[in-house]
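Below, each chain spelled out in residue letters.
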Amino acid sequence: MRLLMQQRPEGDEAPRFVQLMLEPDLLGGWTLVRESGVIGGRSQLRRQQFLERESAFAAFEKARDQQVGRGFQVVFSQGSGAPR
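About the thresholds
- Residues numbered from 1 in each chain as written.
- Predicted model: local features only at pLDDT ≥ 70, side-chain atom pairs only at ≥ 80, totals over all residues.
- Heavy atoms only, no water.
- Helix = DSSP H or I, 4+ residues; strand = E, 2+ residues; numbered from the N terminus.
- Buried < 20%, exposed > 50% of the residue type's maximum accessible area, 1.4 Å probe, protein only.
- Contact = heavy atoms within 4.5 Å.
- Pairing = 2+ DSSP bridges.
- Core = buried A, V, L, I, M, F, W, Y, C linked by side-chain atoms within 4.5 Å.
- 1 Å grid on protein atoms, 1.4 Å probe; cavity = no way out; pocket = protein on both sides within 12 Å on 5 of 7 lines; lining within 4 Å.
- Points joined across faces, edges and corners; volume = space filled by probe spheres on them.
- Nonpolar A, V, L, I, M, F, W, Y, C, P; charged D, E, K, R; others polar.

A. Spotlight on the overall build of the chain. The number of helices and strands found in the chain is one helix and five strands. Secondary structure elements of the chain occur, N-terminal to C-terminal, as β-β-β-β-α-β. Considering only C-alpha atoms, the chain reaches an extent of 45 × 20 × 20 Å along its principal axes. When the 84 residues of the chain are sorted by exposure, 30% land in the buried category. Considering only contacts in the chain between residues 6 or more positions apart, those separated by 24 or more positions represent 44%.

Next comes the structure, spelled out in structure tokens:
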């Protein structure tokens, strides 16, 4: 599952982005990958491991909701939104 969000720039600033990805790992767990930064500039990448998909999905939704609260808008979404 992948979600790309963007914040409208203020003035001459470059737009900021946040990308959230939920990926299975090789040991049956899940990884929440968060990438954020300025478009065309440096970015920061963080990974968080989870044993169960449900807890990883809950963290994904919480991160998404926090970014929406900060003024980010979804510009691209890929994958299923419901845990299996």
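B. Representation of the pairing of strand E1 (residues 2-7). Here six bridges tie E1 to strand E2 (residues 16-24), and the two strands are oriented antiparallel to one another. Across the sheet, the residue bridging to Leu4 is Gln19, located in E2. As judged from the six bridges shared by E1 and strand E5 (residues 72-78), these two strands associate in the antiparallel manner. Residue Arg2 lies in a different strand from E5, and its bridge partner there is Gln78.

C. Quick peek at the nonpolar core. If you look at the biggest cluster of nonpolar residues, it comprises 14 residues, and the most contacted ones within it are Leu20, Leu22, Leu32, Phe50 and Phe60. When residues of this core are traced back to their parent elements, those giving at least two are E1, E2, strand E3 (30-38) and helix H1 (53-69). Top element by residues in this core is H1. It accounts for five residues. The residues touching Leu32, leaving out its near neighbours within four places in the chain, are Met21, Leu22, Arg46, Arg47, Gln48, Phe50, Ala59 and Phe60.

D. Representation of the layout of surface pockets within the structure. Estimated volume of the largest pocket: approximately 170 Å³. Lining the largest pocket are 14 residues, and of these Val18, Ser36, Arg46, Gln67 and Arg70 lie nearest its centre. Among the elements of the structure, E2, E3 and H1 are those that each provide at least two residues to the lining of the largest pocket. Its residues placed into classes, the lining of the largest pocket shows five nonpolar, four polar and five charged.

These figures capture arrangement, not role.
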